[in-house]
Amino acid sequence: MTRKVRVRFGPAGIGGVKQAPKNLENYNKKGLRAAEIPFTYRVWMNNNQAKEIGKIAKKFDIKLSIHAPYYINLNSQYKEKVKASKKRILSCCEKAHYLGAEYIVFHAGYYVKSTPKGCYLNIKNQIQQMQKVIKKKKWKVKLAPEITGKKSQFGSLDEILRLVKETRCFFCIDFSHILAREGKINYKEIFEKLKKFKYVHSHFSGIEFTSKGERRHLITSEKKLKELLRWVKRYNQSITIINESPSPLKDSIKALKIWKSLN
Ligand SMILES: [Zn+2]
């Protein structure tokens, strides 16, 4: 393979608007080249602030992405909830445009009373509607529905990859969510499905789960990081790996160290 490997590590979080410049500089110093901005509870910056933070991220070669609010259900039976969900995601798209962040990660919805197929079709339809807005606004961003950690939540690996194929949206592979959802993880099978993509946006952290799926994120173990990174290396996969553990900066640095030791 001649493809140049580009592996970026970084935490979820950049601090608030005031701390972001210093934090991004610090990430760069530590060798980290990515960060995901958590708008998980609300979109907390204006367009000018986004422009400024975007400039600084560019200067320090930090690839930014955005995590949209948790309060999203594109498969809700209530029209106003779907509408509010789309509004939240599109508001993230606008900020991403000014930040120079390409991917907007979000949990697309819940099956609630629909069949998985009905849920898939509803979510596909809503994604296509948002894509029309993105195109019209000329925002250079991509929707990236994430693999989710609960069985009641839409977003298995195959569901997400089917959305990618049928809507040309992007994706976020949360490896720990696959583990929580399925109770096991088959890296070979996953990387076989991912290898056709030039680039993968992903999350990886420690995770506690039950038979229903994800409970909470934990500190990321060295052993589990090593296992994932060996597969990244084996498949020569270009990838960004965002850490969402309770200590995402430390864990990102840990991951980078392990990556260096493997190369
Ligand atoms: Zn997420």
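Residues numbered from 1 in each chain as written. Predicted model: local features only at pLDDT ≥ 70, side-chain atom pairs only at ≥ 80, totals over all residues.

### Here's the deal with the packing of helix α8 (residues 222–235) against helix α9 (residues 248–262)
- Between α8 and α9, the least distance of the axes is 10 Å, while the angle of their chain directions is 50 degrees. Comparing their axes, α9 and α8 come out oblique. Our pair here, α8 against α9, has a crossing hand that is right-handed. From α8, Glu 222, Leu 225, Lys 226, Leu 229, Arg 230 and Lys 233 reach across to α9, where they touch Lys 254, Ala 255, Ile 258, Trp 259 and Leu 262.
- Here the residues of the contact of α8 with α9 sort into six nonpolar, no polar and five charged. (Axes fitted to C-alpha atoms, helices over the stretch in contact; angles between N-to-C directions. Helix = DSSP H or I, 4+ residues; strand = E, 2+ residues; numbered from the N terminus. Parallel < 35°, antiparallel > 145°, perpendicular 65-115°, else oblique. Left-handed = near helix turned anticlockwise from the far one by under 90°. Contact = placed C-beta atoms within 7 Å. Nonpolar A, V, L, I, M, F, W, Y, C, P; charged D, E, K, R; others polar.)

### Looking at the sheet that holds strand β2 (residues 34–38)
- Taken together, four strands build an open sheet; the order of strands is β2-β3-β4-β5 and the sheet is parallel. The sheet is open, and its two borders are formed by β2 and β5 (142–145), each paired with just one other strand. Recorded for the sheet is a direction-independent mean angle of 30 degrees between the axes of neighbouring strands.
- Here strand β3 (residues 63–67) runs beside strand β4 (residues 103–106); their pairing, made up of two bridges, is parallel. Paired with His 67 across the two strands is Val 105, which belongs to β4.
- Sheet contacts for helix α3 (residues 79–99): β3 and β4; angle to β4, the most-contacted strand, approximately 150 degrees. (Pairing = 2+ DSSP bridges.)

### Here we look at the packing of helix α2 (residues 47–59) against α3
- Packing of α2 against α3 brings their axes to within 7 Å, and their N-to-C directions diverge by 40 degrees. Taken together, the axes of α2 and α3 lie oblique to each other. α3 is crossed by α2, and the crossing has right-handed handedness. Seen from α2, the contacting residues are Asn 47, Ala 50, Lys 51, Ile 53 and Gly 54; seen from α3, they are Lys 95, Tyr 98 and Leu 99.
- Counted by class, the contact of α2 with α3 contains four nonpolar, two polar and two charged residues.

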